[in-house]
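Tertiary structure, described
Listed below are the residues making up each chain.
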Amino acid sequence: MEQLIAIIEKGQPFFNAIARNKYLKAIRDGFISVIPIIIFSSIFCLVASVPNIWGFYWPDDINNALWKCYNYSMGILAIACAATTAKHFADAQNRDLPKNNQINFISCMCAAIIGFLLLSSDTIATDAASGFNTTYLGSKGLLTAFIAAFVTGIIYKFFIKRNITVKMPEQVPPNISQTFKDIIPFSVCITVFWVFDIVFRAAFGFCFAQGVIQVFQPLFTAADGYIGLAVIYGAMSLFWFVGVHGPSIVEPAIAAALVANMTDNLAAFQAGQHASAVLTQGAQYFVVCMGGTGATLVLVFMFCFLAKSQEMRAVGKAAIVPVCFAVNEPLLFAAPIVLNPVFFVPFVFAPIANIWILKIFIDFLGMNGFMYTLPWTVPGPIGTIMGLGFQPLAFVMLALILVVDFVLYYPFFRAYDAQKCAEEAEISEEELAAKNAEKAAKLNDAFQGKADAKSVAAGAAAEAVKSDAPAASAAVATEATAVSDLNGKRVLVLCQGGGTSGLLANALAKAAKERGINLETAAEAYGNHVDMLPDFDLVVLAPQAASYLADLQKDCERVGNKCVACRGKQYIELSQNGDKSLAFVSEQLSK
């Protein structure tokens, strides 16, 4: 098993290159930016539809009002996504441009929206009114939105990089000069989209967005099959297991399908048809990732109530609450699960088993697929029942999934429990009790840390992780003397979603406070850091975001601060040992 993991780890450079691809990253970040629209609109969808299950129907005026809010938000999702993707793509393009010659992302967003509308919507004109056809302005138009954003960004970069712009005298205010600077790339973008739309419609008789759907429909169908689902969610767990953030690689490729299938399921259900799509956002949130990546909900209960090892019980008790809300970093790092050969098989295959069970219930038992979107932090069992519209079969499926996950994890859990018990038998009861009390206390304290609020709940809890090679007291003392220069310094820790970054941020803050050092720390998600960089002296990338180091270096060079990336075991050790973490920061700042 360890040899298999070693082989997989050799592919990390390739996987990291994929994760930091600017096109995939723009899709991911752009899609994340519009998730509030999806969740907000689903609230109205739930209120309007769920009561129908029990035979209650809203009066027409109330029902129309509820669906109006849904249609006016979810119905223009692709328009918003064209803008947000264009913004993040422009940010990526700007890394390759001089600081004094940047793409105006606001102009880029406007051009992407107009271009998308040209490619996706027909004009509706009657004697009474006129407007846009909205068929492809929602989830069905997401792929076209991504294309429009990329074409816009490429055109803008071509003209801005070569200074093919309208230049104004130096006396003209910068904001006015910027307006004229955008005229040529903006005009070229719109002209390209306009001409392409005319040619495409003349050749095929329908809009480009419809053509994109027809081309990709076979891929969506294949991805919704047993093999496609296994590849998608097996890869996501596999990447995470070896320290590469799987969703960064997998989700951009399926983001459009996840949302479009949810919309199709809802439309089919409302039309009295079978909602047959399996690959949906709800399925990923609550079935595949029940209790977080790896479907660890059942596992944390095993740790908490079935483990004989005192250490495993301590980890389980501290991690059970966050894992119930799909925040499983405390378990992944404190057990640990990540890079632990014992848990490789269930961590990768439990999510596959879960999604296959869902597909069996949909394909053979006639259950409708997920139709409603809820926040990913809703506990998996609750999200499953609500997302499936309280169907009776949903309760049966949920029970089966929990049983299957238990069966998959239990043998490996028992093996690891026996291993930890053997280790604990070699030390005294007093030392063991002290060790477990310290670990549990650190896990609990992490949730009360001073890191950014978005990072506390997920990553800060992982502060409890200990490496198996603590420094000798003399070495610690030596490292502690090297941190006197940290007074007044500021350190920013970044990870993928603002979670795991709290792990090191809290450790640094606590160690500095105990030693009387005036060191400020913060934790944030990579992608939200650009405007924060001038306020910090050092930026540290958590393991999941290490692949972005090259891009971060370009960002830091612009403001004159330093950055560094950590690997898994190194990050765990630093987050556990206060003196080592402070010495690490001091060393990086002195380079």
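These remarks concern the structure in this document. These numbers were taken from a predicted model, which means no experiment stands behind them.

Here is what the cut-offs are and how they apply
Residues numbered from 1 in each chain as written. Predicted model: local features only at pLDDT ≥ 70, side-chain atom pairs only at ≥ 80, totals over all residues. Heavy atoms only, no water. Helix = DSSP H or I, 4+ residues; strand = E, 2+ residues; numbered from the N terminus. Buried < 20%, exposed > 50% of the residue type's maximum accessible area, 1.4 Å probe, protein only. Areas by Shrake-Rupley, 256 points an atom, 1.4 Å probe, with all protein chains shown as cover. Phe/Tyr/Trp six-rings, centres within 6.5 Å; stacked < 30°, edge-to-face > 60°. Lys NZ or Arg CZ within 6 Å of the ring centre and 35° of its normal. Pairing = 2+ DSSP bridges. Axes fitted to C-alpha atoms, helices over the stretch in contact; angles between N-to-C directions. Contact = heavy atoms within 4.5 Å. Polar contact = N/O pair within 3.5 Å; in protein donor to acceptor, adjacent residues only side chain to side chain. Parallel < 35°, antiparallel > 145°, perpendicular 65-115°, else oblique. Left-handed = near helix turned anticlockwise from the far one by under 90°. Nonpolar A, V, L, I, M, F, W, Y, C, P; charged D, E, K, R; others polar. Salt bridge = Lys/Arg side-chain N within 4 Å of Asp/Glu carboxyl O.

1. Looking at the overall build of the protein chain
Along the backbone of the protein chain there are 27 helices and six strands. Here the protein chain, with 591 residues, has 54% of them falling under the buried criterion. By element, 64% of the accessible surface of the protein chain is carried by carbon and sulfur atoms, the whole surface being about 25200 Å².

2. Some points on the packing of aromatic side chains
On inspection of all chains with the given rule, the structure shows 24 aromatic pairs. Look at F200 and F206: their rings are 6.0 Å apart centre to centre, the planes differ by 70°, and that puts the pair in the edge-to-face class. Taken together, the aromatic side chains of F303, F343, F406, Y410, F413 and Y416 make up a single cluster linked through ring pairs. The cationic tip of K25 hangs over the ring face of Y548; the distance from NZ or CZ to the ring centre is 5.5 Å. Its guanidinium or amino end placed over the ring of Y226, K359 lies 5.2 Å from that ring's centre, counting from NZ or CZ.

3. Examining the sheet that holds strand 6 (residues 562-565)
The parallel open sheet is built from four strands, whose spatial order is 4-3-5-6. Two strands lie at the open edges of the sheet, namely strand 4 (520-525) and strand 6, each paired on one side alone. Each adjacent strand pair in this sheet contributes to an overall mean axis angle of 20°, direction not counted. Relative to strand 5 (residues 538-541), strand 3 (residues 490-495) runs parallel, the two being bridged by four bridges. Note that in strand 5 the partner of V491 across the bridge is L538. Helix 24 (residues 501-514) contacts strand 3, strand 4 and strand 5 of the sheet and is inclined by roughly 175° relative to strand 4.

4. A word on unusual backbone geometry
The residue N163 is not glycine, and still its phi comes out positive at about 60°. Considering the arrangement of structural elements, one finds N163 in the loop between helix 8 (142-161) and helix 9 (174-181). Classification of N163 as partly exposed rests on a relative accessible area of 39%. Positive phi values are uncommon outside glycine, yet F390 reaches one of about 60°. Locating F390 in the fold gives a position in the loop between helix 19 (380-387) and helix 20 (392-424). Accessibility expressed as a relative area gives 27% for F390, which makes it partly exposed.

5. What to know about the side chain of T280
Mapped onto the secondary structure, T280 falls in the loop between helix 13 (246-270) and helix 14 (281-288). At a separation of 3.3 Å, a polar atom in the side chain of T280 contacts the main-chain amide nitrogen of A283.

6. Some words on the packing of helix 6 (residues 77-94) against helix 7 (residues 105-120)
Put simply, helix 6 and helix 7 touch, their axes get as near as 8 Å, and they point 140° apart. With respect to helix 7, the element helix 6 is oriented oblique. The handedness of the crossing between helix 6 and helix 7 comes out as right-handed. For the pair helix 6 and helix 7, the contacting residues are A78, I79, A82, A83, A86, K87 and A90 in the first and F105, C108, M109, A112, I113, F116 and L117 in the second. Looking at side-chain class alone, the contact of helix 6 with helix 7 contains 13 nonpolar, no polar and one charged residues.

7. Here we look at the pattern of salt bridges
Following the criterion strictly, the structure yields 15 salt bridges and no others. Notably, a salt bridge pairs K554 with D96, separated by 3.0 Å at the nearest N-O pair. A residue pair is termed long-range when its members are at least 10 positions apart, and K554 in helix 25 (residues 549-559) and D96 in the loop between helix 6 and helix 7 qualify at 458 residues. Since its relative accessible area comes to 32%, K554 is described here as partly exposed. With a closest N to O distance of 2.8 Å, D579 and R515 form a salt bridge. Of this pair, D579 sits in helix 27 (residues 578-590) while R515 sits in the loop between helix 24 and strand 4; the two residues are 64 residues apart in sequence, bridging distant segments of the chain. For R515, a relative accessible area of 34% translates into the label partly exposed. Through salt bridges that share partners, K25, R28 and D29 make up one connected network.

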